[in-house]
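# Examining the three-dimensional arrangement
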Amino acid sequence: MPPYEVGRLAGAVLDSVGTVVVGKRDSLELVLAGILAGGHVLLEDLPGLGKTLTARSFAQALGLDFRRLQFTPDLLPADVTGSFLYDQRKGDFAFRAGPVFTNMLLADEINRTPPKTQAALLEAMQEKQVSVEGVTYRLEPPFHVLATANPIEYEGTYPLPEAQLDRFLLRVSFGYPTAEEEWDVLRRRMRRRQEEAQLAPVVDARTLTAMQASLETVAVEDSIGRYIVALTSATREHGSALVGSSPRGSLALLLLARARAAMAGRDFVVPEDVKEVAVPALAHRITLRPEMWLRRVDPSFVVHEVLAAVPAPASGAVPSGYPGQ
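Below, the structure is looked at part by part. In this text the structure is predicted, and so the values were computed from the model without any measurement.

### A closer look at the overall build of the protein chain
Broken down by element type, the protein chain carries 13 helices and eleven strands. Computed over its C-alpha atoms, the radius of gyration of the protein chain comes to 21 Å, within 12% of the 20 Å expected for a compact globule of 325 residues. Taking the principal axes of the C-alpha coordinates as reference, the protein chain spans close to 70 × 50 × 45 Å. A buried classification covers 50% of the 325 residues belonging to the protein chain. The long-range fraction of contacts in the protein chain, counting pairs at least 24 apart against all pairs at least 6 apart in sequence, stands at 78%. About 15800 Å² of surface is accessible on the protein chain, with carbon and sulfur atoms providing 53% of the total. Between the mean site of the 34 positive side-chain charges and the mean site of the 39 negative ones, the protein chain shows a separation of 2 Å.

Set out below in structure tokens:
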């Protein structure tokens, strides 16, 4: 599938989801970029801002099997992965698959479950497989996790450590809508005369897989690749950062920049693609010095300063060794 076709289909998916999730086009584009890049997305925002609705809407528009798992303090790893149950008719134990065996899993309030259960999900995210009682089961592609976390109500929660946050390709926040956007939400609710909004599939799982494979044909010029490395390295040297982004952050920038280019119908990456995804790809991978929290400095501040300090390369050059050079 050529990148211009990826861009056309991605636009159609966003238009469909945008009929339900109002006024958040930029954030929706980031979520779709994460899916096209084959990664997992952390939606971190206040309650009631459309995180669950976004996940369900994307699953419907992409034609994917969707399951929602509410994370609670008493949730066990077997509740995520599945377990062996005794089958009286066969006189033997049979594996009963858990909700992780799906195309798109909404891990709702992932920070409300103990680390052992979080680890069971994160293993599936990283390895695309689960192991139960010594037996390994592969997860059929496409497989994506959209996890939600509330930045308030920390009582009884188990925040994800930085090493586990690093497994998410990007972190997205929606923020409050404007007064006009909020009125549009109410108006659309009255128009459809029901609570649930159903979207017709725009693509299917097979088409999504082809769109994801098309990203491998998107060219990245050498100077842009070095620009990505320079941005990530600069987060490690920033005075406000205790720990900067790992090399996984550079890979996330590369994958997301390719996805943004394909969504724009281009078969090459420009520096603006990298800049647009830098904050959601890098901010959650940065650990600030303790005194920075007292000053209410956010990790995104570090990324913005790095973007301003590291010079961007000129775009338009053909990468060395690129087919057709």
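Having seen the structure, we can now continue with the description.
### What to know about the side chain of Glu109
Looking at where Glu109 falls in the secondary structure, it is placed in the loop between β5 (104-108) and α5 (115-127). Beyond its immediate sequence surroundings of up to four residues, Glu109 is in contact with Gln70, Phe71, Thr148 and Asn150.

### A word on the pattern of salt bridges
Summed over all chains, the structure comprises 14 salt bridges. Of the charged contacts, one joins Asp15 and Arg25 as a salt bridge, the two residues approaching to 2.8 Å between their closest N and O atoms. You can see Asp15 sitting in helix α1 (residues 3-18) and its partner Arg25 sitting in helix α2 (residues 25-36), a full ten residues away along the chain. The class for Asp15 is partly exposed, based on a relative accessible area of 45%. According to the relative accessible area criterion, Arg25 is partly exposed, its value standing at 36%. Beyond isolated ion pairs, a larger network of salt bridges with shared partners links Asp15, Arg25, Glu29, Arg260 and Glu276.

### Things to note about the environment of Ala234
Secondary-structure assignment places Ala234 in helix α9 (residues 222-237). Under the relative-accessibility criterion, Ala234 is labelled buried at 17%.

### Some remarks on the side chain of His238
Within the secondary structure, His238 is located in the loop between α9 and β10 (241-243). Here the side chain of His238 touches Ser240 through a polar contact of 3.0 Å, landing on its backbone nitrogen.

### So, the layout of surface pockets
The computed volume of the second largest pocket comes to approximately 680 Å³. Around the second largest pocket, the lining is made up of 28 residues, and of these Gly48, Leu49, Gly50, Leu53 and Val185 lie nearest the centre. Elements supplying a minimum of two residues to the lining of the second largest pocket: α3 (51-61) and α7 (179-192). Examining the composition of the lining of the second largest pocket, we find that six residues originate from one element, α7, more than from any other.

Basis of the calculations
Residues numbered from 1 in each chain as written. Predicted model: local features only at pLDDT ≥ 70, side-chain atom pairs only at ≥ 80, totals over all residues. Heavy atoms only, no water. Helix = DSSP H or I, 4+ residues; strand = E, 2+ residues; numbered from the N terminus. Rg over C-alpha atoms; globule rule 2.2 N^0.38 Å. Buried < 20%, exposed > 50% of the residue type's maximum accessible area, 1.4 Å probe, protein only. Contact = heavy atoms within 4.5 Å. Areas by Shrake-Rupley, 256 points an atom, 1.4 Å probe, with all protein chains shown as cover. Lys, Arg positive; Asp, Glu negative; His and termini not counted. Charge placed at Lys NZ, Arg CZ, Asp CG, Glu CD. Salt bridge = Lys/Arg side-chain N within 4 Å of Asp/Glu carboxyl O. Polar contact = N/O pair within 3.5 Å; in protein donor to acceptor, adjacent residues only side chain to side chain. 1 Å grid on protein atoms, 1.4 Å probe; cavity = no way out; pocket = protein on both sides within 12 Å on 5 of 7 lines; lining within 4 Å. Points joined across faces, edges and corners; volume = space filled by probe spheres on them.

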